[in-house]
Amino acid sequence: MAERQLIGVVGGGQMGSGIAQLAAVAGFHVLLYDSNADVLVRANSSISSSIRRLVSKGQLSQSASDDAMKNLKFAQNLEDFRDADVIIEAIVESEVVKKTLFLELDKIAKVSAILASNTSSISITRLASTTSRPSQVIGMHFMNPPPIMKLIEIIRGADTSDAVYATVKSLAERLGKTVICSQDYPGFIVNRILMPMINEAFYTLYTGVATKEDIDTGMKLGTNHPMGPLELADFIGLDVCLSIMNVLHEGLGDSKYSPCPLLVQYVDAGRLGRKKGIGVYSYQ
Ligand code: CAA
Ligand code: NAD
């Protein structure tokens with residue numbers, strides 16, 4: 001991708017806002033959209049304060065910070081994405097909702113545009129099949145928080161072209177990330193391995209083996225993870241964790257991926273983790 005091209009980001013929640021910040025700081029023009037206008041207001045203020053923090057820590061100059069804020073624009077509707085070169089989808093982890101969006105984006109985006117999904121687990125091939133350009137659809141899976149984590153997992157759908165893979169890999173590298181490549185199977189690489197561990201932590205709590213604090217301390221100090229699995233689940237969002245477990249369970253057909261009833265119950269209760277102020281832990 002040539003310098004100064006336009007990246008569209010759909011979904012301004014924790015991932016979409018982080019991806020937009022990262023791309024704007026890296027010098028791309030960025031257009032961010034969310035169907036909920038309040039989310040965009042919150043995204044604007046969290047990105048501004050995050051960029052200000054980078055300046056105060058001496059990690060970004062004032063002029064680079066001014067440029068980054070100028071690079072970032074907010075879209076009023078999806079039609080604003082007609083000139084985007086790459087559109088990164090970061091909306092709710094639901095195949096039905098994502099397919100509807102891909103169908104709409106396919107009609108709006110220019111013929112050469114690449115449609116990328118930040119999905120944690122859902123089939124890229126099936127998302128691509130809703131469009132007229134399956135060779136230009138790809139998974140670009142950022143890790144949370146996108147500005148900090150060093151990895152992007154790229155997922156090739158059944159029809160993703162080599163040229164599109166190469167373009168997205170080079171984009172990821174320009175964002176300063178290391179790339180790994182996964183074939184298109186449920187949960188790809190990272191969540192195929194991470195989510196069963198998080199689910200097992202819920203079972204460990206559910207079956208009374210230990211307290212949440214001891215489970216998290218065990219994994220933090222015992223295996224040098226920066227966060228314990230239950231704390232990490234709250235950070236990711238329990239709704240996102242449950243959606244991923246459902247995709248693994250349905251897609252791989254093995255009862256070992258069955259979501260823990262306690263995880264299901266927390267999501268039913270609206271205890272979605274940090275973003276709601278309560279999950280396994282309370283943040284109020
Ligand atoms: N945006 C930007 N910067 C952030 C940030 C955010 N959301 N959160 C933290 N930071 C920065 C802080 O400013 C700080 O920077 P400096 O060191 O330069 O001061 C640095 O990150 C460390 O932050 P803190 O000191 O506040 O806290 P910490 O040391 O506990 O680190 C963390 C926070 C980086 C999130 C760390 O706890 C961590 O690595 N946790 C594990 C995260 C992880 O596993 N992510 C992957 C989840 S799985 C996934 O994403 C895939 C999926 O599909 C679900
Ligand atoms: P989130 O709940 O914080 O944000 C999702 C946003 O999408 C919301 O602001 C919502 O208003 C918006 N949205 C929903 N439907 C929309 C639509 N049709 N059009 C436009 N906007 C719409 O979720 P998140 O944690 O940022 O996750 C977003 C995606 O990123 C999911 O696919 C998730 O699996 C993936 N992901 C999440 C993490 C994580 O740690 N949370 C990590 C990597 C990937």
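Here the structure is a predicted model, which is why all the values come from computation and not from measurement.

## Notes on the pattern of salt bridges
Part 1 of the argument: Scanning the model with the defined rule gives 12 salt bridges in all.
Part 2 of the argument: In this structure, Asp 85 and Lys 110 form a salt bridge, with 2.8 Å as the shortest nitrogen-oxygen distance. Here Asp 85, found in the loop between strand S3 (72-74) and strand S4 (86-89), pairs with Lys 110, found in the loop between helix H4 (95-108) and strand S5 (114-117); they are 25 residues apart in sequence, far enough to count as distant.
Part 3 of the argument: Here Asp 239 makes a salt bridge to Lys 275, at a shortest N to O gap of 3.0 Å. Of this pair, Asp 239 sits in helix H10 (residues 238-252) while Lys 275 sits in the segment after helix H11 (261-268), and the two are 36 residues apart along the sequence.
Part 4 of the argument: Its relative accessible area of 22% is what places Asp 239 among the partly exposed residues.
Part 5 of the argument: Linked through salt bridges whose partners overlap, the residues forming this network are Glu 89, Glu 93 and Lys 98.

## A look at the site of ligand 2
Part 1 of the argument: Taken together, 24 residues surround ligand 2, and among them Asp 34, Glu 93, Lys 98, Ser 120 and Ile 236 come closest.
Part 2 of the argument: Here a nitrogen atom of ligand 2 sits 3.3 Å away from a polar atom, N or O, in the main chain of Ser 35.
Part 3 of the argument: Between Ile 236 and ligand 2, the recorded distance is 2.8 Å, taken from a backbone N or O atom to a nitrogen atom.
Part 4 of the argument: Going through the elements one at a time, helix H1 (14-25) and strand S6 (137-142) are the ones with two or more residues in the shell around ligand 2.

## Overview of H4
Part 1 of the argument: Between its terminal C-alpha atoms H4 stretches 20 Å, which fits the 20 Å expected from 14 residues at 1.5 Å a residue.
Part 2 of the argument: Against strand S1 (6-10), S4, S5, helix H5 (124-128) and S6 lie the buried residues of H4.

## Considering the packing of aromatic side chains
Part 1 of the argument: This model, assessed by the stated rule, comprises 3 aromatic pairs.
Part 2 of the argument: Centroid distance Tyr 33 to Phe 81: 6.4 Å. Interplanar angle 80°. Geometry classified as edge-to-face. Residue Tyr 33 is located in strand S2 (residues 29-33), and its partner Phe 81 is located in the loop between S3 and S4; the two are separated by 48 residues in the primary sequence.
Part 3 of the argument: Their ring planes at 65° and their centres at 6.4 Å tell us that Tyr 203 and Tyr 206 sit as a pair that is edge-to-face. Residue Tyr 203 and its partner Tyr 206 are located together in helix H7 (residues 190-206), separated by 3 residues, close to a single helical turn.
Part 4 of the argument: The class for Tyr 203 is partly exposed, based on a relative accessible area of 24%.
Part 5 of the argument: It is Arg 271 that lies over the ring of Tyr 266; its NZ or CZ is 4.2 Å from the centre.

## Considering the pairing of S5
Part 1 of the argument: On S5, burial covers both faces: Ile 114 and Ala 116 on one face and Leu 115 and Ser 117 on the other are all buried.
Part 2 of the argument: With 4 bridges connecting them, S4 and S5 associate as parallel partners. Directly across from Ile 87, in S5, lies its bridge partner Leu 115.
Part 3 of the argument: What joins S4 to S5 is H4, and the crossover it makes is right-handed.
Part 4 of the argument: With 3 bridges connecting them, S5 and S6 associate as parallel partners. Across the sheet, the residue bridging to Ser 117 is Gly 139, located in S6.

## Focus on the confidence of the model for the protein chain
Part 1 of the argument: For the protein chain, the mean per-residue pLDDT works out to 97, and 99% of the residues sit at or above 70.
Part 2 of the argument: Across the interfaces of the predicted complex, the ipTM metric reaches 0.95, alongside a pTM of 0.97.

The rules we used
Residues numbered from 1 in each chain as written. Chains lettered and ligands numbered in written order. Predicted model: local features only at pLDDT ≥ 70, side-chain atom pairs only at ≥ 80, totals over all residues. Heavy atoms only, no water. Salt bridge = Lys/Arg side-chain N within 4 Å of Asp/Glu carboxyl O. Helix = DSSP H or I, 4+ residues; strand = E, 2+ residues; numbered from the N terminus. Buried < 20%, exposed > 50% of the residue type's maximum accessible area, 1.4 Å probe, protein only. Near = heavy atom within 4 Å. Polar contact = N/O pair within 3.5 Å; in protein donor to acceptor, adjacent residues only side chain to side chain. Expected span 1.5 Å × (residues − 1). Contact = heavy atoms within 4.5 Å. Phe/Tyr/Trp six-rings, centres within 6.5 Å; stacked < 30°, edge-to-face > 60°. Lys NZ or Arg CZ within 6 Å of the ring centre and 35° of its normal. Pairing = 2+ DSSP bridges. Right-handed = clockwise from strand over helix to strand, strands pointing away. pLDDT = per-residue confidence, 0-100.

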